[in-house]
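Descriptive structure summary
Spelled out from the first residue to the last, the chains are:
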Amino acid sequence: MGTDREDERSESSNRASSAERSSADHSSGRSPREDGEAASCDDERSEASEMRAGAAGTKHREGPDDASGETASKKRHASRDGDSQPFPDVPDVEGVDDDASVPPTNGAREHAHSSADAPSKAMEMSGHEHGHEGAGATGDSCSPNTCTCGEKQGQSRSESRKQTPAKAMTDGAGVANVDEDGNLGDIEFTPPAENVSQDIEGKDPSVRVGVPDGVDLETPTYSIRSEMNDIETPDEKTWFMELDEAVIDEGRCIQCGTCVAACPSDSIGIGDDDLPELVKMCTGCSLCWDFCPRGGLRYERQWKITGGDDNVKGAGDPITEFSAKVDDDWTDGAQDGGVVTGILATLLEEGEIDGALIATESDEEAWKAESYLATSREDLIANAGTIYNQTMALGHLDLSKWEHKLPDKSWDEMSLALVGTPCEIEGIRALQDFEWDYQKQNEGVRAVDYTIALMCTKNFNYYSLMGDMIEDQRGISPDEIGKMDVLHGKMMVYGHDGEMILEEDIENFHDAALKGCDECADFTGYAADITVGSVGSSDEYSSVIVRTEQGLKAWEATEPNLDYHDLEDRGAIGGLQSWDKKKAFESLQRPFDPDAPRFIDYTDHAENYGTALNPHDQGH
C-alpha cells in the first residue's frame, strides 16, 4: 500500500514538472517540445545568424568578451529573459545594411528588400527556415511540423490562419475531447492499461530513484492491485447485497421493514416500490440479513423463544381465547368487531401507551396502506379497518419522524403499541432480544411494549392487487370500495353503501400475493401478545387469542368495554393454521426446525436456495 502511494507521488511529481516546463515554454513563445528539439532550434538559430552576417556583407565577428567565452550577443539575450535562453524569432539587426528594413512592432510582416536576394534576407531575419513574426508578435509560432505563418506554403499570414487553426495547447498529456485543430468533440473513455504504468516524459516509470548504493529494494509489480481485488469476502461477513440477491431480487421480500430497523448505520431505506434499498454505503454488519424473516431469521425458533414449546403445534397454547366485539356506533367502519381499535383506545386513555403504530389509507392512492402513528381515540377510529398490503411498518420506528405527535418527554420513557402481520411481530420480537443499537430506529424498537398480530394467510402487492386484478381485470375502481375482507377462502369487496360488489375465491388473486408469504407457517402470530382475526367467530365478532401476560393486561383493561364470550370455533383456527403450515412446508427450501439456532448463515441459505455465495463476484 505504501509503495503504491510512493509511485503515485512520483507520477504526480513528474506530471507537475511536465506542466511547469510546458508553462515556461508558453511564456517564452516556444511550443512544448523535448530537449532534443530545443537543441535543434538553437543550432538553427546559430546557422541563421551566420547566414545573416554573410548576406549583409558584415566582416566583423564578435569575439569572446571574457574568460568564460560568452559573446556580447549571448549576454544581451541573457539580460533580456533572465537566463541563458535567447528569445525566439527576434532578428539580429546589427551589421545589416541601411537598405534593409526592420520588421515593424505592430506584428505585420514587411519584406522591403528590392534586390534579388530579398527572399534569402527574409529567411535570415526569421531566424528559421520560414518566417516568424518579429518583435511585438502575438505569440504564434511555427514548429518543425506545423506552419502557422503561411510562408512555408507560399500563403499570406491571413490566408494561413483561415486554413490552419492553431493547435490547442495542453499540458503535454493531450486533451481528451479536442482534436489537433482545437475542435471540441465527444469525450471517449479510454480503459486503463493493465499491468503497466503511464509513460511520463519518456522515462521508464518502473525505475526506482534515490536508492542508496548497495541497497536492493523489491518493488511490487502492478499485479498487486488485481491480487487485492481477488481477495474473497469472509463467509461470516454478510452484506445488504446478499439480502438483495437472496430475498429482494428473488421476489421473496414480505415488506416487514425489519432490515431497515436493524441497520446500525441507517444504510437501508424504503424505495418508491415499497421495497428496501441501500441509501448509503453498507458496512457489512450482517444484521439486515440476520433479522430478515425470509433470510437469516429462523422464524419458527422465534416462536419457541417467545411463547413456549406448544407454540409450534396447532394454534398454540394461549392463556385464553374469546369471540368479542366493541358495542359502540363507531364500529360500523371497523373490521369485524373493532376489537383492535378498542384495545388501543383503552391503552391510550389509561396512559399505558403514548401511541400506536397502525396502517392508514394513503391520501394519494385509494386503498394503499401507509404506516401511521395514532395518538388519540379519534385517530384510531378514523383508521379502523384492514387494508391488504404491507406498510414496511418496522421501517417507520424512527421516533423523530413522529416527534410532532408525541408527548414532550424523554424517548426512553415512551411506550408504543404495534399492530402488524405475524412476520412483523416476529421481527420486532427478535430485535428486542438483543441490546445492540439500531441507530435512528433504536428508541422506537425499545418503546414497543404491546404487540397485536392480525391473523394472516398472505398479503398482497398493492399495485398487483388493486391495479391489475381488481381495477383492470374486474373493472372495479379502488375509489368505489368501502371495505375489503378475506373470509371463508373468499376475497370480498364492498361498496361505500355496504353492498357486496365482489366475492371470489382467494386463490384467483394468488398472483398478486407476495411470494414470500408462501413460506410463512405463522397464521396466528405466535410471537404476539394478542392475536386478532375473523376466523373462528361469527359475523361482527372478532376472534381474540391472548398469549402473554402483557396481552392479558391489555385484555383486562379493555374487557369492560367489550361484548364477548368463549371462542366459538377453535377448530377453524387450528385447521387454517395447519393448512397454512402445510403450504409453507411445500414452499420452504430449508429445513423447518424450531430447535435449531435462531440465525441461519448465508452460506447455508445459499446452499438450500441456490443463490450466489458471493453475489459481488457474480456482477450483482
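Above this text sits the structure in question.
No experiment lies behind these values; they were computed from the predicted model shown. (Residues numbered from 1 in each chain as written. Predicted model: local features only at pLDDT ≥ 70, side-chain atom pairs only at ≥ 80, totals over all residues. Heavy atoms only, no water.)

Some thoughts on the overall build of the chain
Scanning the chain for helices and strands turns up 18 helices and 13 strands. The proportion of buried residues among the 620 residues of the chain is 44%. Summarising the internal contacts of the chain: among those between residues at least 6 apart in sequence, 64% fall at separations of at least 24. Per element, the accessible surface of the chain, about 32,400 Å² overall, is 46% carbon and sulfur. (Helix = DSSP H or I, 4+ residues; strand = E, 2+ residues; numbered from the N terminus. Buried < 20%, exposed > 50% of the residue type's maximum accessible area, 1.4 Å probe, protein only. Contact = heavy atoms within 4.5 Å. Areas by Shrake-Rupley, 256 points an atom, 1.4 Å probe, with all protein chains shown as cover.)

So, the environment of R252
Relative to the assigned elements, R252 resides in the loop between α7 (240–248) and α8 (258–262). With relative accessibility at 5%, the residue R252 sits in the buried group. Setting aside chain neighbours within four positions, we find R252 in contact with A246, V247, R294, G516, E519, H605 and Y609. In this structure the side chain of R252 is engaged in a polar contact, spanning 2.9 Å, whose partner is the backbone oxygen of R294. For R252, the side chain forms a polar contact with the side chain of E519, separated by 2.8 Å. (Polar contact = N/O pair within 3.5 Å; in protein donor to acceptor, adjacent residues only side chain to side chain.)

Here we look at the sheet that holds strand β12 (residues 542–546)
If you trace the eight strands from one edge of the open sheet to the other, you get β5-β4-β6-β7-β11-β12-β3-β13, paired in mixed fashion. One side of each edge strand has no neighbouring strand; the edge strands of this open sheet are β5 (369–374) and β13 (562–566). Taken pair by pair, the neighbouring strands of this sheet meet at an average axis angle of 30 degrees, ignoring direction. Note: strand β3 (residues 320–326) against β13, five bridges, orientation antiparallel. Counted as the bridge partner of V326 is L562 from β13. (Pairing = 2+ DSSP bridges. Axes fitted to C-alpha atoms, helices over the stretch in contact; angles between N-to-C directions.)

As for helix α13 (residues 422–432)
Where burial is concerned, most of α13 is hidden: 10 out of the 11 residues are buried. Residues of α13 that are buried include every one of P422, C423, E424, I425, E426, G427, I428, R429, A430 and L431, and no others. Where α13 is buried, its residues contact α8, α10 (299–307), β6 (416–420), α14 (442–447) and β7 (448–454).

Points about the packing of aromatic side chains
Applying the stated criterion across every chain, the model contains 16 aromatic pairs. With 5.0 Å between their ring centres and 75 degrees between their planes, W289 and Y602 make a pair best called edge-to-face. Pair noted here: W289 is in helix α9 (residues 287–290) and Y602 is in helix α18 (residues 602–609), with a separation of 313 residues, a long-range link. There is no split in this pair, since W289 and Y602 are both buried. (Phe/Tyr/Trp six-rings, centres within 6.5 Å; stacked < 30°, edge-to-face > 60°.)

Structural notes on the sheet that holds strand β9 (residues 490–495)
On the basis of which strands lie adjacent, the open sheet formed by three strands has the order β8-β9-β10 and antiparallel pairing. Strands with a single pairing partner mark the edges of an open sheet, and in this sheet they are β8 (481–487) and β10 (500–505). Along the sheet, successive strands turn relative to each other by an average axial angle of 15 degrees, direction set aside. With five bridges connecting them, β9 and β10 associate as antiparallel partners. For V493, the partnering residue across the bridge sits in β10 and is L502. Across the sheet, helix α15 (residues 462–472) is in contact with β8 and β9; its angle to β8 comes to roughly 95 degrees.

Considerations on the nonpolar core
F291 and L418 are the most contacted members of the largest nonpolar core, which has 28 residues in total. Counting residues per element, the ones that place at least two in this core are α8, β6, α13, α14 and β7. Sequence-distant contacts of L418, defined by excluding residues within four places in its chain, comprise L357, A393, L394, I425, I428, V448, Y450, T451 and I452. I343, L347, L552 and L562 belong to the second-largest nonpolar core, a separate cluster that totals 27 residues. (Core = buried A, V, L, I, M, F, W, Y, C linked by side-chain atoms within 4.5 Å.)

Looking at the pattern of salt bridges
What the rule picks out here adds up to 16 salt bridges. Between E321 and R570 there is a salt bridge whose closest N-O contact spans 2.9 Å. With E321 in strand β3 and R570 in helix α17 (residues 570–587), this pair connects stretches of sequence that are 249 residues apart. Given the relative accessible area of 38%, R570 is considered partly exposed. A single salt-bridge network, built from bridges that share partners, covers R298, E300 and R590. (Salt bridge = Lys/Arg side-chain N within 4 Å of Asp/Glu carboxyl O.)

Function cannot be read off these values alone, since they describe shape.
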